[in-house]
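Commentary on secondary and tertiary structure
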Amino acid sequence: MLKSSNLRIDLDRLLNRIETLAQIGAIDGGGVCRMALTDEDRRGRDLVVGWMKELHLDISIDRIGNVIGMRAGIEPAAPVLTGSHIDTVATGGRYDGSLGVLAGLEVIATLNQANLTTRKSLAVGFFTNEEGARFAPDMMGSAVHQGVFEVEDMLRIIGIDGSTLGEELDKTGYAGDTQTGAFRADCFIELHVEQGPVLQTGNYEIGAVEGVQGISWTEYRLSGTSNHAGTTPMQLRQDAGYVASAISVEARRIAKSMGADQVATVGVTELSPNLINVIARAALVTVDLRNTDEQKLQQAEHSMADFVTEICNSEAVTFESRTLARFEPVEFDHSMVKLVAETARSLDYKVRKMPSGAGHDAQMFAPNCPTAMIFVPSRDGISHNVAEYTEPEHLRAGADVLLQVLLAKSREG
Ligand code: GLV
Ligand code: MN
Ligand code: MN
């Protein structure tokens, strides 16, 4: 009989599932647009749930639409959980999130084929709206799952297209009846593409993720006065468009002045009426600030907030600000990180311990159960872009490490 430490995933089967899921919401350039709770998301969910059924998983769906497929172990202990998300940003790649879910299914398929029953149960989940690009905040499903947010508050959230989350969820048919916030996992391990350049640059195959940086999302709604572009003297303008641009420039200045660990992004600037010869009456601007150090993240937030107040005063523009997401930096469980690194080395992969720059469902589990992540390289560090790509051999590496880590955790007493 094959020793479980010699078990390996089937790369072709994994690639096949990645390719098939990527057809749902496929966009030019090989990417995917499957934003949370759209019809594409529903079709992606149906496909993955179909695979879960084929693998004989016991499926539960909670009130925010998180889906968990359980493979029973010998003992009735809390399950060893893996998974990620299948929603994407509008210009997404085919690996962000989907890899973690489909590699989880590949692990189950491998165990089924080997007829191997684990001591603890194993579960694979996908969590609603990890991206937060349509409905903020991000990591919403996993946060509700772990009791960070109340489900009723999330169901009321309005998306960027004016839709209400609860209604959109109902339309997908994935508003389940399993209680949220009650699920306890033995541990959580998520495989994900790095989405940055570190692993490729150092020729590493595996990242053992030590934690996730803090995230701060703020929306500013600026109100000025529309007027004629040719006749209005500069000192008499109340130009919401100018203030929006100044915020964008300041976000970059703050990040650069604070050094390498601080990043800042203005991903949305919408002007009204958005015409060449009309001073903008209104602007919507979003600021995304991230840092691995909570104190520094707060410093960046204060600098930004002070600047917005000053620039609005000087331009006689009024503003309203709203926090769309705020998560502190998270540190993963040391023994889990060590297990990921040692497992990868035992499979002859070159490993680097590293923080995550992107947000992940795993960070919502970290306070409640031992949690870690496995990263695989992203070509040229590109993600949230249709060109996102990970070499098949790196997908294999990540899925095999995931398999062995899950086996190790499901054997532990
Ligand atoms: C999620 O992908 C995020 O980090 O914004
Ligand atoms: Mn992701
Ligand atoms: Mn993403």
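Because the structure is a prediction, the values reported are computed rather than measured.

Criteria and cut-off values
- Residues numbered from 1 in each chain as written.
- Chains lettered and ligands numbered in written order.
- Predicted model: local features only at pLDDT ≥ 70, side-chain atom pairs only at ≥ 80, totals over all residues.
- Heavy atoms only, no water.
- Pairing = 2+ DSSP bridges.
- Helix = DSSP H or I, 4+ residues; strand = E, 2+ residues; numbered from the N terminus.
- Axes fitted to C-alpha atoms, helices over the stretch in contact; angles between N-to-C directions.
- Contact = heavy atoms within 4.5 Å.
- Salt bridge = Lys/Arg side-chain N within 4 Å of Asp/Glu carboxyl O.
- Buried < 20%, exposed > 50% of the residue type's maximum accessible area, 1.4 Å probe, protein only.
- Near = heavy atom within 4 Å.
- Polar contact = N/O pair within 3.5 Å; in protein donor to acceptor, adjacent residues only side chain to side chain.
- Areas by Shrake-Rupley, 256 points an atom, 1.4 Å probe, with all protein chains shown as cover.
- Nonpolar A, V, L, I, M, F, W, Y, C, P; charged D, E, K, R; others polar.
- Donors = N, O, S within 2.8 Å, 3.2 Å for Na, K, Ca; no water.
- Domains from an automatic or database assignment.
- Buried area = accessible area lost by both parts, 1.4 Å probe.
- Expected span 1.5 Å × (residues − 1).
- Arc of directions from axis to C-beta.

Below, the discussion takes up the sheet that holds strand E9 (residues 214-223). Taken together, 4 strands build an open sheet; the order of strands is E10-E11-E9-E12 and the sheet is antiparallel. Each edge of the open sheet carries a strand with a single partner, namely strand E10 (263-272) and strand E12 (318-327). Adjacent strand axes in the sheet meet at a mean angle of 15 degrees, parallel and antiparallel pairs treated alike. One ladder, built from 8 bridges, connects E10 with strand E11 (residues 282-291); its direction is antiparallel. In the strand pairing of E11, Thr265 is matched with Asp288. The strands touched by helix H8 (residues 240-258) are E9, E10 and E11; relative to E10, the strand with the most contacts, the crossing angle is about 175 degrees.

Counted according to the given criterion, the structure contains 20 salt bridges. Taking the shortest distance from any N to any O, the salt bridge between Glu168 and Arg134 comes out at 2.7 Å. Within this pair, whereas Glu168 is found in helix H6 (residues 165-172), its partner Arg134 is found in the loop between strand E6 (122-126) and helix H4 (140-145), the two being separated by 34 residues in sequence. Judged by relative accessible area, Arg134 falls into the buried class, the value being 6%. For Arg396, the salt bridge goes to Glu393, with nearest N and O atoms at 2.8 Å. Taken together, the positions of Arg396 and Glu393, both in helix H12 (residues 392-411) and 3 residues apart, correspond to about one turn of that helix.

Attention now goes to the site of ligand 1. Taken together, Glu130, Glu131, Asp138, Trp217, Arg290, Ala358, Gly359 and His384 make up all the residues around ligand 1. One nitrogen or oxygen atom from the side chain of Glu131 is found 2.9 Å from an oxygen atom belonging to ligand 1. In the environment of ligand 1, an oxygen atom lies 2.7 Å from a nitrogen or oxygen atom belonging to the backbone of Gly359. When the free accessible area of ligand 1 is taken as 200 Å², the share hidden by the protein chains comes to 94%. In terms of residue class, the shell around ligand 1 is built from 2 nonpolar, 2 polar and 4 charged.

The protein atoms that coordinate the manganese ion (ligand 3) are Asp96 (OD), Glu131 (OE), Glu131 (OE) and His384 (NE2), at distances of 2.1 to 2.5 Å. One chain supplies every donor to the manganese ion (ligand 3), and in sequence these donors are spaced D-x34-E-x252-H. In this structure the manganese ion (ligand 2) is found 3.6 Å away from the manganese ion (ligand 3), and Asp96 serves as a bridging donor for the pair. Separated by 288 residues along the polypeptide, Asp96 in the loop between strand E5 (80-84) and helix H3 (98-114) and His384 in the loop between strand E15 (371-376) and H12 bring together distant segments of the chain.

Many descriptions give the size of an interface as the accessible area lost when the pieces come together. What the domain assignment reports for the chain is domain 1 (4-213 + 329-411) and domain 2 (217-327). Measuring from the centre of the C-alpha atoms in domain 1 to the corresponding centre in domain 2 gives 34 Å. Contacts between the two partners involve 15 residues from domain 1 and, on the opposite side, 11 residues from domain 2. Buried area between domain 1 and domain 2, summed over both chains or domains, comes out near 950 Å², and the portion from carbon and sulfur atoms is 64%.

Only His85 (NE2), Asp96 (OD) and His192 (NE2) from the protein reach the manganese ion (ligand 2) as donors, at distances of 2.0 to 2.2 Å. Along the chain, the residues that donate to the manganese ion (ligand 2) are spaced as H-x10-D-x95-H.

This part covers the side chain of Asn291. Residue placement: Asn291 occurs in strand E11. At 2.9 Å, the side chain of Asn291 and the backbone nitrogen of Asp293 are in polar contact. Sequence-distant contacts of Asn291, that is, excluding residues within four places in its chain, are made with Gln213, Gly214, Met258, Asp261, Gln262, Lys296, Leu297 and Pro329.

Our next topic: helix H9 (residues 294-315). In this model H9 runs 32 Å from its N-terminal to its C-terminal C-alpha over 22 residues, within 8% of the 32 Å that 1.5 Å per residue would give. Taken as a whole, H9 has its buried residues at Glu294, Leu297, Ala300, Glu301, Met304, Phe307, Val308, Ile311, Cys312 and Glu315. The arc enclosing the buried residues of H9, seen along the axis, measures out at 150 degrees, which places them on a common side. Opposite its buried face, H9 presents the exposed residues Gln295, Glu310, Asn313 and Ser314, each directed more than 90 degrees away.

As a further point, take H3. With 17 residues, H3 extends 24 Å between its outermost C-alpha atoms, agreeing within 8% with the 24 Å of an ideal straight helix rising 1.5 Å per residue. Burial analysis of H3 places 14 of its 17 residues in the buried class, the great majority of the element. Within two residues after H3, Asn115 carries a phi angle of roughly 60 degrees, on the positive side.

For the rest of this paragraph, the subject is the side chain of Asp41. In this fold, Asp41 is placed in helix H2 (residues 39-54). Excluding its chain neighbours within four sequence positions, the residues that come into contact with Asp41 are Arg34, Met35, Ala36 and Ile86.

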